[in-house]
Amino acid sequence: MTAVTGDPVDVLQTLFRSEQGGHEQVVLCQDRASGLKAVIALHSTALGPALGGTRFYPYASEAEAVADALNLARGMSYKNALAGLEHGGGKAVIIGDPELIKTEELLLAYGRFVASLGGRYVTACDVGTYVADMDVVARENRWTTGRSPENGGAGDSSVLTAYGVFQGMRASAQHLWGDPTLQGRKVGVAGVGKVGHHLVEHLLSDGAEVIVTDVREESVRRITDKFPQVTVALDTEALIRVPGLDIYAPCALGGALNDETVPVLTARVVCGAANNQLAHPGVEKDIADRGILYAPDYVVNAGGVIQVADELNGFDFDRCKAKASKIFDTTLAIFARAKEDGIPPAAAADRIAEQRMADARDARKAAPAAL
């Protein structure tokens, strides 16, 4: 999927005139009393109410925040479609450093803005927001997921996000090496925060050799204190150049696959939890041309959204885990479609998701109008 940049002209051009646009609604939110500045982007409601998390991040500009919301919302449409959910795609971003400006008053104000959409957008956690934050937002907005079990929610969605990525890795191993195990494989994980540290546990349990890196020393230390057998790379630049690396798992922010990183990747497979890993159009072809298998990010990291969607119907962990297990089959189907059509897996995933959304729109048009 093509990314929107933070240029104001590019944002408007993309929203209204390009194939990457097509967003149904973009809401700019401001509450001066609390300092809230937020963007809520709804890409599609063809399959149902838009579902996606709330990112709290110190963007360099408001235009960059809008661009990120557009990209993330579009990604959620594709993710939800391939996860088999009856939800469209949406995303919200709150502008600012959560360590400095996040307050109860701000979160309540944000909740009121989400509630004003009347259920067209269902929110959840993302970078910079946590279960405790969603508990606060839910006091003003009933269309809130990712809440604590004490408040009727499912809790931390990163558990099933990591599990889904692990299933995507197993499918990648099956496709490339003929066996769905990571036993003896060397896996590099960039980012061992909310999702990455759970992923490391799955990998070690399956017999993988794990190398990690993270910009936060405390995140790395949490891993090495618990699993001293894990190796630490100095940074991501060093990790992607590790000789003999089988799988690279980007699990931090987006744009990890770009013109600088792809040429030096030593891994045979890229499969990670980060959203929007492809920095720009054409990267997916560069990856394929190097003989690297790319498991589309929005396919393999869908475990979290499967969990929060289930929360709307009364959360059941075993039911959610069973659904997340299907990411293995979905990933294999995408690899098969890519081979059949002679296109990169990212393009194959897009085609399958777009077809499901188009079918839903056609069915809606064909349905008799309600009286």
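Scroll up for the structure.
These lines cover the structure that appears in this document, whether it is placed above or below. (Residues numbered from 1 in each chain as written. Predicted model: local features only at pLDDT ≥ 70, side-chain atom pairs only at ≥ 80, totals over all residues. Heavy atoms only, no water.)

Description of the overall build of the chain
Stated formally: The secondary structure listing takes helices from DSSP runs of H or I that are at least 4 residues long and strands from runs of E that are at least 2 residues long, numbered from the N terminus. Each radius of gyration reported is based on C-alpha atoms, and the globular scaling rule is 2.2 Å times the count of residues to the power 0.38. The cut-offs for exposure are 20% and 50% of the maximum accessible area for each residue type, with area from a 1.4 Å probe on protein chains only; residues under the lower value are buried, those over the upper are exposed, and the others partly exposed.
Along the backbone of the chain there are 15 helices and 12 strands. In terms of overall dimensions, the chain is globule-like: its C-alpha atoms have a radius of gyration of 20 Å, near the 21 Å expected for 371 residues. With the C-alpha coordinates of the chain rotated into their principal frame, the extents come out at 60 × 45 × 45 Å. Looking at the chain residue by residue over its 371 residues, the buried ones come to 54%.

Here we look at the packing of helix H13 (residues 317-325) against helix H14 (residues 327-341)
Selection rule: Each axis is a line fitted through C-alpha atoms, taken for helices only over the stretch in contact, and angles between the N-to-C directions span 0 to 180 degrees. Here the angle decides the label: under 35 degrees means roughly parallel, over 145 means roughly antiparallel, 65 to 115 means roughly perpendicular, and every other value means oblique. In what follows, residue pairs with any heavy atoms lying within 4.5 Å of each other are defined as contacts. Basically, the charged four are Asp, Glu, Lys and Arg, the nonpolar ten are Ala, Val, Leu, Ile, Met, Phe, Trp, Tyr, Cys and Pro, and anything else, Gly included, counts as polar.
Their axes nearest at 5 Å, the elements H13 and H14 cross at an angle of 15°. With respect to their mutual orientation, H13 and H14 come out roughly parallel. Contact residues: H13 offers Lys323, Ala324 and Ser325, while H14 offers Ile327, Phe328 and Asp329. Of the residues belonging to the contact of H13 with H14, the class tally is 3 nonpolar, 1 polar and 2 charged.

Things to note about helix H2 (residues 62-82)
Note the following rule: A helix's residues, less one, multiplied by 1.5 Å, set its expected span.
Between the first and last C-alpha of H2 there are 31 Å, a value that for 21 residues agrees with the 30 Å anticipated at 1.5 Å per step. Counting buried positions along H2 gives 19 out of 21 residues, so the element sits mostly inside the fold. Looking one or two residues beyond H2, the residue adopting positive phi is glycine 84, at roughly 75°.

Considering the sheet that holds strand S8 (residues 209-213)
What counts here: When DSSP finds two or more bridges between two strands, those strands count as paired.
Taking strand neighbours across the sheet as the criterion, the 6 strands line up as S9-S8-S7-S10-S11-S12 in an open arrangement whose pairing is parallel. A single partner strand is all that each edge strand has here, and the edge strands are strand S9 (231-232) and strand S12 (293-294).

Remarks on the pattern of salt bridges
Put simply, the test is: Salt bridges are defined by distance alone: a side-chain nitrogen of Lys or Arg within 4 Å of a carboxyl oxygen of Asp or Glu.
Tallied over the full model, the rule gives 18 salt bridges. The salt bridge partner of lysine 37 is glutamate 62, with a shortest N-O separation of 3.6 Å. Remark: glutamate 62 occurs in helix H2 and lysine 37 occurs in strand S2 (residues 36-44); sequence separation between them is 25 residues.

Looking at the side chain of aspartate 135
As a reminder of what qualifies: The charge count includes Lys and Arg as positive and Asp and Glu as negative, but it does not include His or the ends of the chains. Each polar contact in these results corresponds to two N or O atoms within 3.5 Å; when the atoms are within protein, one needs to be able to donate a hydrogen and the other to accept it, and residues that are neighboring in sequence are counted only if both atoms are side-chain atoms.
Within the secondary structure, aspartate 135 sits in helix H5 (residues 131-137). No salt bridge is formed by the buried aspartate 135; its nearest oppositely charged neighbour, arginine 147, is found at 5.7 Å. There is a polar contact of 2.8 Å between the side chain of aspartate 135 and the side chain of serine 148. Leaving out residues up to four positions away in the same chain, aspartate 135 has contacts with Arg147, Ser148 and Asn151.

Thoughts on unusual backbone geometry
Phi is positive for asparagine 276, which is not a glycine, with a value near 50°. Assignment of secondary structure puts asparagine 276 in the loop between strand S11 (269-270) and helix H10 (283-289). With a relative accessible area of 24%, asparagine 276 lands in the partly exposed category.

Topic: the environment of valine 159
Relative to the helices and strands, valine 159 resides in helix H6 (residues 158-177). Sequence separation between valine 159 and leucine 204 is 45 residues, and the spatial gap between their C-alpha atoms is 15 Å. Dropping the residues within four chain positions of it, valine 159 is found in contact with His198 and Phe317.

Some thoughts on the packing of aromatic side chains
Note the following rule: When two rings of Phe, Tyr or Trp (its six-membered ring) have centres within 6.5 Å they constitute a pair, described as stacked for plane angles under 30 degrees, edge-to-face for angles over 60, and tilted for the intermediate range. Whether a charge sits over a ring depends on NZ of Lys or CZ of Arg being within 6 Å of the ring centre and within 35 degrees of the ring normal.
In the structure shown here, the tally under the stated rule is 3 aromatic pairs. Centre to centre, the rings of tyrosine 78 and tyrosine 298 are 5.7 Å apart; their planes meet at 70°, and the pair counts as edge-to-face. Taken together, the residues span a long stretch of sequence, with tyrosine 78 in helix H2 and tyrosine 298 in helix H11 (residues 297-300) at a distance of 220 residues. Accessibility expressed as a relative area gives 4% for tyrosine 78, which makes it buried. One residue, lysine 194, lies across the ring of tyrosine 130, its end atom 4.6 Å from the ring centre. Positioned over the ring face of tyrosine 163 is lysine 321, at 5.0 Å from the centre of the ring.

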